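# What the coordinates show
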Amino acid sequence: MRLRSGVFAASCLMVEALGVALFLRGFFPVPVRSLPRREALGDPPAEPAPPGPGMVSNWTKIPPPLFKKVVIVLIDALRDDFVFGSKGKQFMPYTTQVVEKGTSYSFIAEAKPPTVTMPRIKALMTGSIPGFIDVIVNLNSPALLDDNLIWQAKTAGKRIIFYGDDTWVKLFPKHFVEYDGTTSFFVSDFTEVDDNVTRHLDRVLKREDWDLLILHYLGLDHIGHMTGPNSSLVGPKLHEMDNILKKIHISLLSKEEASLPNLLVVCGDHGMSETGSHGGSSEGEVHTPLLFISSAFEKRSGALTQPELVQQTDLASTLAVGLGLPISRNSVGNIILPVVGGKTMREQLRFVHLNGFQLSRLLQENTPAYEKDPGYEYFKIAEKSHGNWIKLYLEGNNSEILLNLGKKVLKQYLEALKTLSSSLSKQVAQYDMYSMMVGTVIIMEVLLLLLLSIPKALSSRAEFEVPLSPTLFSLLFYLMCLMLCAVHVIVCTSAESLCYFCSMSWLTAVGVMMLISALMCGILSAIAKIFENSRLPLKNPVVSSSSWSEIDVLILAGTIGHVLSLGASSFIEEEHQTWYFLINTLCLVLCQELCRNNFLLKERDPQYGIIVKQNFDSIGEASECKNIDIPAAGNSKLGKATSSAEFVKGPDKWISLASPWIILICCRLLRSLNQTGVQWAHRPDFGHWLTSSEHKSELSFLAAVSLLMIFFLVQRRCSLVSKIAMALGLLGVYSYRAAIGNVIFPWQRDSKDISKGITEARFVYVFVLGIVFTGTKDLLKSQVISTDSTVKSTGLWEVYSGLVLLAALLFRPHNLPVLVFCLLIQTMMTKYIWRPLKSDAAQITIMHYWFGQAFFYFQGNSNGIATVDVSAGFVGLESYVEIPAIFLTAFATYAGPLLWAIHLLCYLSSEVSRCFGTGPFCLCLEDSEHSGVNCLSAVVWGGRGKK
């Protein structure tokens, strides 16, 4: 059965999508869930029944609330050291005084990744652990349908008021009697976003028509995104928050009644990394302060101790008990005992029993073998001891024995809660390995089939012969189907946990097994044909005698090695190390190749010119593409039988030899600029030194020199108008950074006059659009009107220059050297390495890919979302506009790979008159003036002659 290459590629894409879908379904585990919230309202469990006949506990309802009013102040991106460290003592004096000597309990709450706002709000209000899939829906949060504290409070008749991040309004629609939401994504706003919350305080604190007040402040998070945790703006913002907490606390104390006290809760949804971002799992991102302030607590005395570490999910259970509400059915958190420690022993035991009952029920609904779980066993033992304690209590025993037994039962409950919570939390990280393996097998089979089909499906006219009939009726196909079905039965009948692939119908599962078997048979058939063809005699034995160079071997081994390394999580976390190693090794191999061409191959083999000419003659005869201009071997650069040393003479020869070593030095300097990855991301680097407030002059000088270098490296191939626009645009970049306070002009004494730099940024955008428009006009002109091929090359370069200017605007000042070294390495590789070595298209393409990936990490990026610079998406914007913000953020993040990809187009366009041999094929790129289509021809056996 023959298929056109387009049909074959589309079929492979569809099968690939099936494999990816199966893999992702197994990779993103199903969260721990209980009954829907409409079924969550039920009678609470009674106290454990005392042993013996005729004895029944009279406590069957939820305990009454412990607090009359509760105020939750959530300060976005509040790290624990901002309160408990030196910054807290300096900028939050009132909060520090309450923590050290007031009636409060302080904790460090640990948040689970992903540390972004919407999943953290879910964790705080439901007590559950959201998955990484919530990062995607963080941009447009849907209504939360799970059982949660807000819904329980509204159902119980509590009146809730909210001011702050509008994510709450999206998660809990129609739950607040009064609210005012603010946009959380406009990170350039430090003041108004918090003033819109604070302006309601005086009026609301005087009123009595509310039970729960929630305030979510965003200013600190925005400062972190824009300038980092060590910015001079952090201190004043913390002082502002301290004054707000003081106002709320004093107001709550003045309105307290004798019956019930009020409670003030201060917390953060997540912290921030050393660069000001969040989303990962570093200590600065996952550790946030958690303060409970109330007159119901005992006043602190003695030396201040290190705050205890609790889980962020514990807040939902604790607040539910404090408000007299049922604990959320999906909560995996534990009650924070010191908050209820002032109550009687019976009340404390009642609280932890309700918590343990809720956790054990959640375990039963999510784990088939729940009875064997240690946490469940501990809970049953504690429940039995609790029943014995109640028996003594109902008998009127008030001796010290009763108190000691109560403490023992309380300790048993706490141990059971800890174990139950741990068991449930682990289920969130349990991957569906079987579904992942099936998806991976399908993906790898399709990729291998595509690789084997490249020789036949390279051009748009090529056809690929699919051995469909022999495969379906071969004995191997049926044997593989039977074997895979047997494996499926064994896995699905022995699995203790739920598996998505096992939950499918048997007809669907058998269809997937048949697909896997057919793909495997097709691969084996294609491999057999390759071996069969390799045994046939070749018409041109001279041409077929070529061998792979060291560069070819390195590129192949490096690419395959990188793909294999992605099978280990540690290599994914530290993927930058792989790319750094590969480009360093590549530079050494290029150095060896340059030395060989300049010193060892001064006299070529006389047969070389004949071999090259035969190659070109065979190409001209076999080519199926029309109007391909293939220069004669004697006139083309590849056809000359002279050594590379004749092309590189004088000083250029020594510059060419030094180029790999200069590139190595540049890469080493870039590695020192930004620490990335996971293991060593916390270590100080040159970027941290530059961004500190003490070194603003050094940063300003470096930024100015970098912008000058960018202009020098880019302007060489631009038109006069584009050169002027580039110069003015780069001046606008520096003006923008000076306006927002990152750098200073020489005549500036300080940077007190800080603005958002909107005018300066839009000034740069005008020149970016102008340069890109000029380049696009030249590209269209080269396609529509018959002109010189240099017009297209110039147009591509001007589009590239416009994107370089945009990257300079979006990059932080300390990252401008990354852009400079990117341009410098591209220039040196083009002039002094690729052309002297006559590198082919495949080699150049893969080198661009390698360097693009390396520069992604040189920017300070990683495979974690914490390194995404969100502030780049709001450069020049007065308000949050979704499409431009997403585009600018994505461009700033992937600027390195994107600039290298566009440079590849520029280079290939400028080399259209050259013929690139790629192993056994010859790729001829021609700029067709009439059709504007690059024709790639893979039509001749043989390869490059030995250089």
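### Structural notes on the pattern of salt bridges
Once the charged atoms of two side chains with opposite charge are near each other, the side chains can pair. A complete count under the given rule lists 18 salt bridges for this structure. Between E274 and R79 there is a salt bridge, with its nearest N and O atoms 3.4 Å apart. In this pair, E274 sits in the loop between β7 (263-267) and α13 (283-286) while R79 sits in the loop between β2 (70-75) and α2 (81-84), placing the two residues 195 residues apart along the sequence. We classify E274 as partly exposed; its relative accessible area is 35%. Here D869 ties to R812 by a salt bridge, and the two come within 2.9 Å at their closest N and O atoms. You can see D869 sitting in the loop between α35 (841-858) and α36 (882-893) and its partner R812 sitting in the loop between α33 (789-810) and α34 (816-837), a full 57 residues away along the chain. Both residues of the pair, D869 and R812, count as buried. Taken together, the shared-partner salt bridges in this structure form one network comprising E178, R203, R207 and D209.

### Regarding the state of the cysteines
For the structure on display, the rule yields one disulfide. With a sulfur-sulfur separation of 2.1 Å, C492 is cross-linked through a disulfide to C502. A torsion of -85° about the S-S bond marks the disulfide between C492 and C502 as left-handed. Linking C492 in helix α21 (residues 475-494) with C502 in helix α22 (residues 500-503), this pair joins segments that are ten residues apart in sequence. C667 takes part in no disulfide bond, and the closest cysteine sulfur, belonging to C587, lies 5.6 Å away.

### Structural notes on the side chain of H270
With respect to the helices and strands, H270 occurs in the loop between β7 and α13. For H270, the contacting residues outside a window of four places in its chain are D76, A77, L78, T115, V116, T117, R120, D221, H278, E285 and T288.

### Some thoughts on helix α16 (residues 345-366)
Here α16 spans 32 Å end to end across 22 residues, near enough to the 32 Å set by a 1.5 Å rise per residue. Counting buried residues in α16 gives 16 out of 22 residues, a clear majority hidden from the surface.

### Focus: the side chain of E178
For E178, the location among the structural elements is in strand β5 (residues 178-182). A polar side-chain atom of E178 sits 2.2 Å from a polar atom in the side chain of Y163. Apart from the residues lying within four places of it in its own chain, the contact partners of E178 are I160, I161, F162, Y163, R203, V204 and R207.

### Let's talk about the sheet that holds strand β9 (residues 308-311)
In spatial order, the strands read β5-β4-β6-β2-β7-β8-β3-β9; together these eight strands make up an open sheet with mixed pairing. At either margin of the open sheet sits one strand with a lone partner, and together these are β5 and β9. Averaged over all neighbouring strand pairs, the angle between strand axes comes to 20°, with direction disregarded. Sheet topology note: the strand β3 (residues 104-110)/β9 ladder contains four bridges and is parallel. Opposite E110, over in β9, you have Q311 as the bridge partner. Packing against the sheet, helix α12 (residues 234-254) makes contact with β2, β6 (212-217), β7 and β8 (287-293), and its axis sits at approximately 165° to β7.

### Focus: the pairing of strand β4 (residues 160-165)
In regular strands, side chains alternate between the two faces of the sheet. The element β4 is largely enclosed, with a buried count of six among its six residues. With five bridges joining them, β4 and β6 adopt parallel strand pairing. Its bridge partner being in β6, G164 is matched across the sheet by H216. Here five bridges tie β4 to β5, and the two strands are oriented parallel to one another. Bridge pairing in β5 links D165 to T182.

### Details of unusual backbone geometry
With an omega of 5°, the peptide bond between P113 and P114 qualifies as cis. Mapped onto the fold, P114 is located in the loop between β3 and α5 (117-126). With a phi angle near 65°, K174 is a residue other than glycine that sits in the positive phi range. Here K174 is to be found in the loop between α8 (167-171) and β5. K174 gets classed as exposed once you look at its relative accessible area, which sits at 79%. Not every positive phi belongs to a glycine, and K838 is a case in point at roughly 50°. Accessibility expressed as a relative area gives 7% for K838, which makes it buried.

### Quick notes on the packing of helix α28 (residues 651-673) against α34
Where α28 contacts α34, the two axes come as close as 9 Å, and the packing angle between them is 155°. When the interaxial angle is binned, α28 and α34 end up roughly antiparallel. Relative to α34, the crossing made by α28 is left-handed. Across from D652, I655, S656, S659, P660, I662, I663, C666, C667, L669, L670 and L673 in α28, the residues of α34 making contact are P817, V818, F821, L824, I825, M828, M829, Y832, I833 and P836. Each residue belonging to the contact of α28 with α34 can be placed in one class, and the counts come to 19 nonpolar, two polar and one charged.

### Description of the pairing of β8
For β8, the buried fraction is high: seven of the seven residues fall into the buried class. Where β3 and β8 come together, seven bridges link them in antiparallel fashion. Looking across to β8, one finds that F107 is bridged to L290. Pairing between β7 and β8: four bridges, direction antiparallel. The residue of β8 that forms the bridge with V265 is F292.

### Let's talk about the confidence of the model for the chain
When pLDDT is low, close inspection of the predicted coordinates is not appropriate. Mean pLDDT for the chain: 82, with 81% of residues reaching 70 or above. Scored below 50 in pLDDT, residues 603-647 makes 77 contacts in the model with residues more than four places away or belonging to other chains. For the stretch residues 913-947, pLDDT sits under 50, and the model shows 113 contacts to residues farther than four places along the chain or on other chains.

### Examining the packing of α35 against helix α37 (residues 895-910)
Each pair of packed helices can be summarised by the angle the axes make with each other and by the distance between the axes. Viewed as axis vectors pointing N to C, α35 and α37 meet at an angle of 155°, and their least axial separation amounts to 7 Å. Considering the angle they form, α35 stands roughly antiparallel to α37. The chirality of how α35 crosses α37 is right-handed. Of α37, the residues touching α35 (which contributes I844, T845, H848, F851, G852, Q853, F855 and F856) are G896, P897, W900, H903, L904 and Y907. Taken together, the residues of the contact of α35 with α37 break down into eight nonpolar, six polar and no charged.

### A short note on helix α17 (residues 374-394)
Here α17 contains 21 residues, and its C-alpha end-to-end distance of 30 Å stays within 8% of the 30 Å for a straight helix at 1.5 Å per residue. Where α17 starts, the residue carrying a side-chain oxygen 2.9 Å from the main-chain nitrogen of G375 turns out to be D373.

### With respect to the packing of aromatic side chains
Overall, the coordinates contain 25 aromatic pairs when judged by the stated rule. On the numbers, 5.5 Å between centres and 65° between planes, the contact of Y434 with F501 is edge-to-face. Remark: F501 occurs in helix α22 and Y434 occurs in helix α19 (residues 433-453); sequence separation between them is 67 residues. In this structure, Y434 and F501 share a single accessibility class: buried. Taken together, the aromatic side chains of Y580, F851, F855, F858 and W900 make up a single cluster linked through ring pairs. Lying across the ring of W210, K69 places its NZ or CZ 4.4 Å from the centre. In this structure, K653 is placed above the aromatic ring of W654, and the distance from its NZ or CZ to the ring centre is 5.4 Å.

### Things to note about the environment of G102
Structurally, G102 can be placed in the loop between α4 (93-101) and β3. As for G102 and I293, which are separated by 191 residues in sequence, their C-alpha atoms are 8.1 Å apart. Apart from residues lying up to four places away in sequence, G102 is in contact with Q97, E298, K299 and R300.

Rules used in this analysis
- For every chain, the first residue of the written sequence is number 1, and numbering continues from 1 onward in sequence order.
- Predicted model: local features are reported for residues with pLDDT of at least 70 only, side-chain atom pairs are reported and counted for 80 or more only, and whole-chain, interface and lining totals are derived from all residues.
- As a convention, hydrogens and water are excluded, and side-chain values are obtained from all of the structure's heavy atoms.
- Salt bridges are identified by distance alone: a Lys or Arg side-chain nitrogen within 4 Å of an Asp or Glu carboxyl oxygen.
- What counts as a helix is a DSSP run of H or I of at least four residues, what counts as a strand is a run of E of at least two, and both are numbered from the N terminus.
- Partly exposed residues are those whose accessible area sits between 20% and 50% of the maximum for their type, while under 20% is buried and over 50% is exposed, using a 1.4 Å probe and protein chains only.
- Throughout, a disulfide means two cysteine sulfur atoms within 2.5 Å of one another.
- A contact between two residues is defined here by any heavy atoms of the two lying within 4.5 Å.
- By definition here, a helix of n residues has an expected span of 1.5 Å times n minus one.
- In the analysis that follows, any N or O atom pair within 3.5 Å is treated as a polar contact, provided that within protein one partner can donate a hydrogen and the other can accept it, and provided that, for residues neighboring in sequence, both atoms belong to side chains.
- Here, any two strands with at least 2 DSSP bridges between them count as paired.
- To obtain an axis, a line is fitted to C-alpha atoms, over the contacting stretch when the element is a helix, and the angle between two such axes runs from 0 to 180 degrees between their N-to-C directions.
- Between 65 and 115 degrees an angle is taken as roughly perpendicular, under 35 as roughly parallel, over 145 as roughly antiparallel, and anywhere else as oblique.
- Two helices that cross are described as forming a left-handed crossing if the nearer one is turned anticlockwise from the farther one by less than a right angle, and a right-handed crossing if clockwise.
- By the convention adopted, Pro, Cys, Tyr, Trp, Phe, Met, Ile, Leu, Val and Ala count as nonpolar, Lys, Arg, Asp and Glu as charged, and the other residues, Gly among them, as polar.
- On a range of 0 to 100, pLDDT expresses the predictor's confidence in each residue.
- Think of it this way: a Phe, Tyr or Trp ring, Trp meaning its six-membered ring, pairs with another when their centres are within 6.5 Å, and the plane angle makes it stacked under 30 degrees, edge-to-face over 60, tilted otherwise.
- As a reminder, the over-ring test applies to NZ of lysine and CZ of arginine, requiring each to be within 6 Å of the ring centre and within 35 degrees of the ring normal.

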